[in-house]
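# A look at the structure
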Amino acid sequence: MDDVVAISDLSHLIPAAQTTALLPDTERMAHLRADHWIGYTRAQTAVAKLEEMLIGPPRLRMPNLLIVGPTNNGKSMIIEKFRRRHRPESTPTQDHQIIPVLVMQMPSDPSLTRFYNMVLSALNAPLRPRARVAELEALVLHLMRTTSVRMLVIDELHNMLAGSTAMQREFLNLIRFLGNELRIPIIGVGTRDAYLAIRSDDQLENRFEPFSLPLWEEDEELLALLASFAAVYPLRRPSELHQPEMARYILERTEGTIGEMARLLSHAAVAAIESGTEAITNRTLTLAKYDSPTERRRAFERRIS
Ligand SMILES: Nc1ncnc2c1ncn2[C@@H]1O[C@H](COP(=O)(O)OP(=O)(O)OP(=O)(O)O)[C@@H](O)[C@H]1O
Ligand SMILES: [Mg+2]
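Attention here is on the structure that accompanies the text. (Residues numbered from 1 in each chain as written. Chains lettered and ligands numbered in written order. Predicted model: local features only at pLDDT ≥ 70, side-chain atom pairs only at ≥ 80, totals over all residues. Heavy atoms only, no water.)

## Thoughts on the side chain of Thr147
To keep it simple, the criterion reads: Helix numbering and strand numbering both begin at the N terminus, where a helix is a DSSP run of H or I of at least 4 residues and a strand a DSSP run of E of at least 2. Note on exposure labels: buried denotes an accessible area under 20% of the residue type's maximum, exposed denotes more than 50%, and partly exposed covers the range between, all computed with a 1.4 Å probe on protein chains only. Only heavy atoms matter for contacts: two residues are in contact if any of them lie within 4.5 Å across the pair.
The topology assignment puts Thr147 in the loop between helix H7 (133-146) and strand E5 (151-155). Here Thr147 falls in the buried class, since its relative accessible area comes to 7%. Look past the residues within four positions of Thr147 in its chain and what remains in contact with it is His96, Gln97, Ile98, Ile99 and Leu123.

So this is what it looks like as C-alpha cells:
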C-alpha cells in the first residue's frame, strides 16, 4: 500500500535512479554498493584541465599536472572518469591498441624494474620481471610510441617516498626523462607527500602545476554535493541532505572526505530501505552501520594492543 503511494512520485531522483528505485529491495541495495560518479565542480574542473592538456600541442617542455589531496577524496575517480572518456581502441590491423591515456600506479616498493613492469602491465604487455633496466626502458618507450600514448598518469605517486633518497632521485630523473623523450604531459596523483617529492626537484617543480582536492568544508559546494548524492540513491522518498544542519552533521561525522561521506550515506540509504523509511533522515543516519576513520583506527588499536 505504502509503496504504491511512495513510488508514484520519484521526481526527487535523476532518471536513472528513478528506474532503479522501482526494483526490489535486494537489487536496490546491491546498486548502493557500487560507486556512482557525481560531477561536483572541482572534479569537473579537473577533468576539463586534463582534457585541455591532452589536446595541447607537443612542446619542448610539456606541462605536467599534480593532483594532490587527502586519501579517499576522489583523486582516482577523476582519473578513471577521464580514462573512460578516452578508452583504448583497436587499430585496423589489430596488431596493437591505441591507448590515448595510460594510467599506472607507482609501485609501493619502488624500483625502476617494478616501475617499468607497472607500465608494461598498464599497456597490457607481457611482464619482464627479470629484464635489465636499460632493456625495459627501451621496450617501454617503444611500446608507448606504438600505442600512441598521449598522456601518462602516475597514480599513488607518493609511493616514491618509500624508496631511499637515491632511489627517489632516480625516479625524479625518470619522470623528467619520460616527459622529454615522449613529449607528452605527465599527470602525477597522490597525497601531500607526492607534492613534497616533486618539490625536491627544482626543474620538476616548475613543470608540475599543482591541482588540489582539499577536504570538504561547510559551504554551497557541500550542499550541492549532498543534494547530488540524494538524487542518485534509489530511495522512494526525498531526503533532505542539503539542509545546513544535516550537512554539518555529515561533515563532522565523516571527517570531510567525499569517500567517507559516500560510505556513510550509502549505509544510511541501506538502513532507509531496510527500515522502510525510504529517505535518509536523522534516524537512518543513526542506524547506518558506519564508523568514522577515527573510530576505526581506535578499534584497530584496541585489537592490536
Ligand atoms: N566524483 C565522485 N562521485 C561520487 N563518489 C565519489 C567521487 N569521487 C570519489 N567518490 C567516492 O570516494 C571514494 C574514494 O575515491 P577515490 O578512490 O577516488 O579516492 P582517492 O583520492 O584516490 O584516495 P587514495 O588516495 O586513497 O587513493 C570512491 O570510492 C567513491 O565512493
Ligand atoms: Mg586513489
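Now that the structure has been shown, we can carry on.
## A closer look at the site of ligand 1
Spelled out, the test is: One heavy atom within 4 Å of a molecule or strand makes the whole residue count as near it. Any pair of nitrogen or oxygen atoms within 3.5 Å is treated as a polar contact; in protein, a donor-acceptor pairing is required on top of that, and neighbouring residues in sequence qualify only through side-chain atoms on both sides. Note on areas: these come from Shrake-Rupley sampling with a 1.4 Å probe, and a residue is covered only by the protein chains present in the view. We place a 1 Å grid over just the protein atoms. Points where a 1.4 Å probe fits but has no way out form a cavity, open points with protein on both sides within 12 Å along at least 5 of 7 lines form a pocket, and any residue with an atom within 4 Å of a point lines it. Assignment of a molecule to a cavity or pocket requires that more than half of its atoms lie within 2 Å of the corresponding grid points. Polar here means any residue other than Ala, Val, Leu, Ile, Met, Phe, Trp, Tyr, Cys and Pro, which are nonpolar, and Asp, Glu, Lys and Arg, which are charged; Gly is therefore polar. In this entry, domain limits derive from an automatic or database-based domain assignment.
As a structural note, the neighbourhood of ligand 1 is formed by 17 residues, with Asp35, Ile38, Thr71, Asn72 and Lys75 the closest of them. With respect to ligand 1, the backbone of Gly259 contributes an N or O atom lying 3.4 Å from an oxygen atom. Burial of ligand 1 by the surrounding chains reaches 84%, relative to a free accessible area of 630 Å². Under a 2 Å grid-point criterion requiring more than half of the atoms, the pocket assigned to ligand 1 is the largest pocket. Elements with a minimum of two residues in the shell around ligand 1: helix H5 (75-85) and helix H13 (258-275). Considering only residue class, the shell around ligand 1 consists of seven nonpolar, seven polar and three charged. Looking at which domains feed residues into the shell around ligand 1, each of domain 1 (7-34 + 216-304) and domain 2 (41-212) gives three or more.

## Things to note about the environment of Pro238
Its place among the elements puts Pro238 in the loop between helix H11 (220-232) and helix H12 (244-254). A relative accessible area of 46% means that Pro238 is categorised as partly exposed. Separated by 43 residues in the primary sequence, Pro238 and Thr281 place their C-alpha atoms 9.6 Å from one another. Once you skip the residues sitting within four places of it in the chain, Pro238 turns out to touch His12 and Ala279.

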